[in-house]
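Residues per chain are reported as follows:
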Amino acid sequence: MNKLTQRLDKERLLLGIAAPLLAVVAALVVTTLVILATGKNPGDAFSDMVTYGFASDSQVYILNKATTYYLAGVAVAIGFRMNLFNIGVDGQYRLAAFIAAVLGGVLTVPGWIAIPLIIVCAMATGALWAAIAGVLKVTRGVSEVISTIMLNSIATAVIGYLLQPGKLGELQQGGTLVSTKPLPSSSYFFSIDTGPAGVLDGFIVVAVIVGLAYWFVLGRTRFGFDLRTVGQSESAAAASGVSVKKMVATSMVISGAVAGLIGMPTLLNESHQYDNSFPSGIGFTGIAIALLGRNNPVGIALGALLWGFLERTTNHLEFQGYDKEILGVIQGVIVLCVVIAYEVVRRYGLKRQQQRVGAELAAQAAAPTKKQEVA
């Protein structure tokens, strides 16, 4: 039995390596065919992407983008681990960033007090907005997919209504932009000047802390074990004494709280106000990144970096005469290849495991029979 366990562990390791390799190869092949279909040389395109993507200023850009994308991926992954599809991350982070910007604009306290208050406000807003979907699911059985889609639309309407002159918005000097009151300079988050390469957002430190907390809570605590158990089998979790409804609601609240952090790098490090140009759609990007990373904190980080790299380099390809739609095609192809590759490898691994266990059990059952015949 020990030999069987060792063989299964080795196969599991090999299959774990095979899945991402298969996905990368498939994505490269499909992307090459797409670029060829446009009449361009894929070799030149890949060469330009690598050269431009590894330039020092591109690396800073990619890290800044990856910070936001990583937080989005973790927010979505928390729901995925509970078998919940929190599509509402997009509305949660935009509403949280808006409310936090309004609060930050009126605070007159020192920065070391204002910055934590802004961050806590954003997390609380995201958590409360996500809690609506959680409560609807556990009390009325409403699908979180439907409720969070509706809440996204409501969040957009609320922001649009309040972000007007005379309400919580104000008209900027140019007369073309409506925004919240700008944050005072004391409320700016720290940044790292890398010289000619640009400025690195200091919120990357918070993203690392969030990743470590996600890894520790889900992998090293009783709460994380209960969360993963409910996600895999609600009936088994209930039989072991876990309150399924409580875990569903709690998971949605935590997912929303992390979603509230998504807009903070932009608010505290870059724009210092909320206006109509504030980034949108990042919540949906987080879904793709969580799928790429298989809900693993390290995998999500790699997915966020890859997404930032693709965004930076494919935008550069547009200036080289390539079609601008290539970015969407490449991103979609990568996500599809990863999902398909992991599913193919998972099914193959399950089949191999069943075959080996069956062969081992058959061998053990045959051994006493042979001994009796000899006797």
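Remember, it's a predicted structure, so these values are computed and weren't measured experimentally.

Calculation rules
- Residues numbered from 1 in each chain as written.
- Predicted model: local features only at pLDDT ≥ 70, side-chain atom pairs only at ≥ 80, totals over all residues.
- Heavy atoms only, no water.
- UniProt positions renumbered as here; feature names shortened; annotations may be inferred.
- Helix = DSSP H or I, 4+ residues; strand = E, 2+ residues; numbered from the N terminus.
- Expected span 1.5 Å × (residues − 1).
- Bend = angle between axes of the 7 residues up to and from the residue.
- Axes fitted to C-alpha atoms, helices over the stretch in contact; angles between N-to-C directions.
- Parallel < 35°, antiparallel > 145°, perpendicular 65-115°, else oblique.
- Left-handed = near helix turned anticlockwise from the far one by under 90°.
- Contact = heavy atoms within 4.5 Å.
- Nonpolar A, V, L, I, M, F, W, Y, C, P; charged D, E, K, R; others polar.
- Core = buried A, V, L, I, M, F, W, Y, C linked by side-chain atoms within 4.5 Å.
- Buried < 20%, exposed > 50% of the residue type's maximum accessible area, 1.4 Å probe, protein only.

Q: Quick rundown of the UniProt feature "transmembrane region" (unreviewed entry) in the protein chain? Include the residues and the values.
A: As annotated in UniProt, the feature "transmembrane region" (unreviewed entry) corresponds to residues 12–38, 58–80, 92–109, 115–136, 145–163, 197–218, 248–268 and 326–345 in the numbering used here. A distance of 31 Å separates the end C-alpha atoms of residues 248–268, which is 81% helix and 0% strand.

Q: How would you sum up helix α5 (residues 111–140)? Please name residues and give values.
A: Relative to the 44 Å expected for 30 residues at 1.5 Å per residue, α5 spans 43 Å between its end C-alpha atoms, a close match to the ideal helical length. Where α5 bends most, at A131, the angle is about 25°. After α5 finishes, the residue G141 shows a positive phi value of roughly 75°.

Q: Quick one: what's the story with the packing of helix α2 (residues 42–53) against helix α13 (residues 297–319), residue by residue and with numbers?
A: Two numbers describe how α2 lies on α13: the axes approach to 9 Å, and their chain directions differ by 120°. By the angle between their directions, the pair α2 and α13 is classed as oblique. Crossing hand, α2 versus α13: right-handed. Residues A45, D48, M49, V50, Y52 and G53 of α2 pack against F309, L310, R312, T313, T314, H316 and L317 of α13. Across the contact of α2 with α13, the residue classes break down as 7 nonpolar, 4 polar and 2 charged.

Q: Which residues make up the nonpolar core, and what are the values?
A: Judged by nonpolar contacts, the single largest core of 89 residues is most densely connected at F203, M264 and L268. Sort the elements by how many residues they give to this core and helix α3 (residues 56–81) lands first, with 12 residues. Ignoring sequence-local partners within four residues, the contact set of M264 consists of A97, A100, I118, I119, A122, F203 and N269.

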